[in-house]
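Secondary and tertiary structure notes
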Amino acid sequence: MRWSQKGSTVLNNLRMLIQLTNEWKLILLVIRKSPLTTAGLVIVSGFVILGIVGPYATLHDPIMISVTGALKRLHPPCLEHPFGTDEYGRDLFSRVLYGARVSLVAALSVMVIAVPIGVLLGLCSGYYGGIVDEVIMRITDIFLSFPGLVLAIALSASLGAGLTSAIIALAVVWWPGYVRVIRAQVLVVKEMLFVEAARAIGVKTSKILFRHILPNSITPLLVLITFDFGSVILANSALSFIGLGAQPPIPEWGRLIADGRRWFPDKWWYSFFPGLAILITVLGFNLLGDGIRDMMDPRYRRSIEMKG
Amino acid sequence: MNETILIVRNLRKYFPVKGIFFTKGYIKAVDGVTFTVLRGSTLALVGESGSGKSTVGRLILRLIEPDDGEILFNGMNVRKLKNTDLLEFRRRTAIVFQDPYSSLNPRMTVYNILKEPLEAHNIDVGDVEEYIVSLLERVGLGKEHLYRFPHEFSGGQRQRISIARVLALKPELIVLDEPTSSLDVSVQAQILNLLKDLQESDKLTYLFITHDLGVVRYIASMVAVMYLGKIVEIADTDSIFSDSRHPYTRMLLSSIPVPDPKVARAREKAKLTGEPPSPLNPPPGCRFHPRCPYAMDICRKEEPPVVEIEKRHIVCCHLYVRR
Amino acid sequence: MKKILEVKDLRVHFYTYNGTVKAVDGVSFEVYEGEVLCIVGETGCGKSVTARAITKMIRSPGKIVGGRVLFNGIDILELDEDQLSSIRGKTITYVYQDPSAALDPLYTAGYHVAETVTAHSVGMRIREALRRAVEIFHEILIPDPENRVKSYPHELSGGMKQRVVIATAVANYPKLIIADEPTTALDVTIQAQILDLLKELKGRYGSSVVMITHNLGVVAEMCDRVIVMYAGKIVEKAHTERLFENPLHPYTKGLLNAVPNPYRKTMRLESIPGVVPDMINVPEGCRFRPRCPFATNACLIEPELIEAEKDHYVSCWLTSKVGQQ
């Protein structure tokens, strides 16, 4: 590649970036206007940061049972143990922090598996239509006609308890939603003239799908991913609660609640704090999802732009 | 000059209308259309909404598959093209759409939009950026527009970008589907002039689809008037305006508001009645008979034959059948 | 002739994220009884906003920031919502561009008309109003009015829908009908029918018509007087014949030359170079200056609308200098 060409590609990418920062300005504006979205963003980024650095920042080992710890079994919240301790004397604060990582890993893995499958099938289904569409959509319908959690429980149980099988089970339950959303969006975008223009030029179908249709269908996908992050965390905790999913001694929020039930309500902190963690995290993702949806809605966006 | 570039014979396309369980019927969008286009000329396809004129444009480029009929482009049978031949056909033909707001991908820069056709056909033009800038300059834009996004341009400028995209592959035949009808008059004049200049310099052939007879008069060399999926009259532009024969063509001509109050108020107007019926159930016989002031019994029963009034002037109407 | 409406120095601003758009910036005109006045101009010149501002129908982020709209001696812009709704739909009515959007798909054509009638006549029942709807349909040449009142919008063609919209507009014998691009969405043969209808209505109901359009052909067919707007201001105002015979403003001239005339073979259309200005950073002085072939330094000062010949107003330094000499 000659220099001038390279130079222009760099410039081109730079422009794309500038465009992105323009969008960022607007996003910041929306955030300023909506405190709830900001709250959601704070919670979600807090969750992600804790998920990454949390386990390294704890004062007490979240997993190992120590001799000194064993003396402080089921200790109520105090300065040293803000969330109290469990029946082996482990610090619940550390365990809940570690649980953030488990939830983050689970939710991310489910998305990494489910989203590409859903997007690919949705693209094909919407673009080709006809028999391809029929087959993909009917299979999707079958999956969607089961209660999601029940299917996940059945799958996870048959694969054997463990985080990996929980992730696989949840991914199997989650992809059909993406097929639906992407397909609906593709049906709209493929009627746009730039798609027809690309066909008339002779652009290959795969390029039309990934360069023209997908980038213009991304908005609702983003919203759904945000909402689903919360839902997957919840579902994963539900699996752990009934004994599937992550196994002890790994602390998982749902599992912690289940374990704490034995001492409830006397030793309320055992179940209370993991429950609170789930509540706040899921709420955070939902608030952020609502915010993103509003931001992407042209009407709402315009009203913000106008009032500025 | 008199070489034909495109021959269309008996082109047909019915769109099924789906009910809940069965196909309820067919919209006869294009129902037996025949015409030829000479290299370097402009054929205007004129008609109202629902006449099937846009469908004809898309059928010819095989953006929609025809049900029946023959399309010959430079002697090639377009309906039989496959793979590389089809790709080569796509290179030699092009289309410009009406709506400049939806015909450019909002997430691509002008540079990427104009590079796409080159990539699709693996065309080596040497310095890509230089080539793209030269395209932009030809349509009256410049280097400073290279890395902008479509939303930063006005409607007229977007239409210029669409034209540049089409020019990238040096096509021979361009279908222009109402390219100026969503633009303001002052901008429309700019685009029409640009199209005229490009036609002259590049020896382009245009199939110009429009409902605006003023534009037709300005740009077309021949005119085909469509009504409900059929061509009712074809003639040289001057004969259409001075010596139109089909009652529908005349009705169309007398309906255009003329930008001159003296002419507008003095001229005699054909009495206008009725509206175009639905193409789902076109009337039997001549499709225009319910609105035609000269309708005879035969018009209600038999489809009108093709009558050659003079050389290069064809009309489909029972009035002109010699008995 | 009697003035029925007088707009004085109307100003409408839109407050956007990027800055203030002065969509209408000091527009004054009057409407006489029984006339058809056209406001012509390109996209974004402020013609539609002007039309809406006449009955204060400007929604946020737009705001009427100045001017008066005098109708029968009262300033409409001073009225509250209750008083306004007794004017809208009765004495001043609207016909919009898209008839499909103007009709509610859940109600019949007749109901739309009957609704406007009952809204402004105390104690009238909907059944009586429906009878009135049949009469109006008959008057505006809708074929088979008894059955047509029972049709739902989706059963009607575009032209027929626009007739129904016009029926609701004339139902209460308005003094003024404001038609905003009433034929733009229609086919030419239907457009011609609707224009004929509007012309007839003027005589039958004695209403004045303010017609907003971008189509100079429609202006020539329909209008008694014309206002040419550019970038939020009036650049020329004249009787239709005079404007087409002797356009004075370079923009008007350019516009007239840019329309391809179907009745004349033109070798080359004259186009106006450049694009409509960005309404946030409008050019200093005359707003047409950057596109004007005759622009001089004088044009850096904004010209006023002056009477160049009888009843023919123009806002351009070229003409005012000629006038002075």
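A short tour of the structure in this document, coming up.

The rules behind each value
Residues numbered from 1 in each chain as written. Chains lettered and ligands numbered in written order. Predicted model: local features only at pLDDT ≥ 70, side-chain atom pairs only at ≥ 80, totals over all residues. Heavy atoms only, no water. Phe/Tyr/Trp six-rings, centres within 6.5 Å; stacked < 30°, edge-to-face > 60°. Helix = DSSP H or I, 4+ residues; strand = E, 2+ residues; numbered from the N terminus. Buried < 20%, exposed > 50% of the residue type's maximum accessible area, 1.4 Å probe, protein only. Lys NZ or Arg CZ within 6 Å of the ring centre and 35° of its normal. Pairing = 2+ DSSP bridges. Lys, Arg positive; Asp, Glu negative; His and termini not counted. Salt bridge = Lys/Arg side-chain N within 4 Å of Asp/Glu carboxyl O. Polar contact = N/O pair within 3.5 Å; in protein donor to acceptor, adjacent residues only side chain to side chain. Contact = heavy atoms within 4.5 Å. Disulfide = S-S within 2.5 Å. Core = buried A, V, L, I, M, F, W, Y, C linked by side-chain atoms within 4.5 Å. Buried area = accessible area lost by both parts, 1.4 Å probe. Axes fitted to C-alpha atoms, helices over the stretch in contact; angles between N-to-C directions.

Tallied over the entire structure, the rule returns 24 aromatic pairs over all chains. Considering the side-chain rings of B:Tyr227 and B:Phe288, the 5.1 Å spacing of their centres and the 85° angle between planes classify their relative orientation as edge-to-face. Residue B:Tyr227 is located in strand β9 (residues 222-227), and its partner B:Phe288 is located in the loop between α10 (261-266) and α11 (297-301); the two are separated by 61 residues in the primary sequence. The same class applies to B:Tyr227 as to B:Phe288, namely buried. Summarising the aromatic geometry, the rings of C:Tyr107 and C:Tyr111 are spaced 4.7 Å apart at their centres and angled 15° between planes, so their arrangement reads as stacked. Note on C:Tyr107: relative accessible area 37%, which makes it partly exposed. Aromatic ring contacts, followed pair by pair, group A:Phe83, A:Phe93, A:Trp268, A:Trp269, A:Phe272 and A:Phe273 into a single cluster. The residue whose ring lies beneath B:Lys196 is B:Tyr218, and the NZ or CZ to ring-centre distance is 4.0 Å.

On to unusual backbone geometry, then. Residue and element names in this part refer to chain B. The phi dihedral of Asn74 is positive, around 50°, even though this residue is not glycine. If you trace the backbone, Asn74 turns up in the loop between β4 (68-73) and β5 (76-77). Residue Asn74 is classed as partly exposed on the basis of its relative accessible area of 26%. The backbone of Lys170 shows a phi angle near 50°, a positive value even though the residue is not glycine. Given the relative accessible area of 57%, Lys170 is considered exposed.

Okay, the pairing of strand β6 (residues 92-95) of chain C next. All names here are of chain C. Because side chains alternate across β6, one face comprises the buried residues Ile92 and Tyr94, and the other comprises Thr93 and Val95, equally buried. With 4 bridges joining them, β6 and strand β7 (residues 176-180) adopt parallel strand pairing. Bridging across to β7, Ile92 finds its partner in Leu176.

The next subject is the side chain of A:Glu252. All names here are of chain A. One can find Glu252 in the loop between α10 (218-241) and α11 (253-260). As a buried residue without a salt bridge, Glu252 has its nearest oppositely charged side chain in Arg255, at a separation of 8.2 Å. One polar contact links Glu252 to Ser240, side chain to side chain, over a distance of 3.2 Å. Beyond its immediate stretch of four places on either side in the chain, Glu252 contacts Val102, Ser103, Asn236, Ser237, Ser240 and Ala246.

Okay, the sheet that holds strand β2 (residues 23-38) of chain B next. Residues and elements named next belong to chain B. Ordered by their spatial adjacency, 4 strands build an open sheet running β2-β1-β4-β5, and the pairing between neighbours is antiparallel. Two strands bound the open sheet, and with one partner strand each, they are β2 and β5. As defined by bridge partners, strand β1 (residues 4-18) adjoins β2 across 12 bridges and the pair is classed as antiparallel. Paired with Arg12 across the bridge in β2 is Asp31.

Before going further, it helps to spend a moment on the side chain of B:Ser41. Residues and elements named next belong to chain B. Mapped onto the elements, Ser41 comes out in the loop between β2 and β3 (42-46). Judged by relative accessible area, which is 13%, Ser41 ranks as buried. At 2.7 Å, the side chain of Ser41 and the backbone oxygen of Leu38 are in polar contact. Setting aside residues no more than four positions away along its own chain, Ser41 makes contact with Gln199, Leu204, Thr205, Tyr206 and Ser221.

A word on the state of the cysteines. Inspection of every chain in the model, using the stated rule, returns 1 disulfide over all chains. With no disulfide partner, B:Cys316 has as its closest neighbouring cysteine sulfur the one in B:Cys317, 8.7 Å distant. Left unpaired, C:Cys286 is separated from the closest cysteine sulfur, that of C:Cys299, by 5.8 Å. With a relative accessible area of 12%, C:Cys286 lands in the buried category.

In terms of residue burial, helix α1 (residues 53-60) of chain B counts as a mostly covered element, since 7 of its 8 residues are buried. Among all positions of α1(B), only B:Lys53, B:Thr55, B:Val56, B:Gly57, B:Arg58, B:Leu59 and B:Ile60 are buried.

This paragraph deals with the nonpolar core. Judged by nonpolar contacts, the single largest core of 99 residues is most densely connected at C:Leu5, C:Phe29, C:Ile54 and C:Met211. Among all residues touching C:Ile54, those that are not within four sequence positions of it are C:Leu5, C:Val7, C:Phe29, C:Val69, C:Ile76, C:Ile92, C:Tyr94 and C:Ile178. Formed by 68 residues, the second largest nonpolar core is a distinct cluster that contains A:Val44, A:Leu209, A:Ala277 and A:Leu288.

With that settled, the discussion passes to the interface of chain B and chain C. If you look at the interface, chain B gives 45 residues, while chain C gives 47 residues. When chain B packs against chain C, the two sides together hide about 3,900 Å² of surface, and 53% of this comes from carbon and sulfur. The largest contributions to the chain B side of the interface with chain C come from B:Pro259, B:Arg265 and B:Glu275, which together make up 16% of the buried area. Linking chain B with chain C are 2 salt bridges, by the criterion used here.

The subject of this paragraph is the sheet that holds β3(B). Residues and elements named next belong to chain B. If you trace the 8 strands from one edge of the open sheet to the other, you get β6-β7-β8-β3-β9-β10-β12-β11, paired in mixed fashion. Each having just a single partner strand, β6 (93-96) and β11 (306-310) make up the two edges of the open sheet. Direction aside, the axes of adjacent strands within the sheet are offset by 20° on average. Pairing analysis gives 4 bridges linking β6 to strand β7 (residues 173-177), with the strands arranged parallel. Each bridged residue has a counterpart across the sheet, and for Thr93 the counterpart in β7 is Leu173. The strands that helix α5 (residues 155-167) touches are β6 and β7; relative to β6, the one it contacts most, it runs at about 175°.

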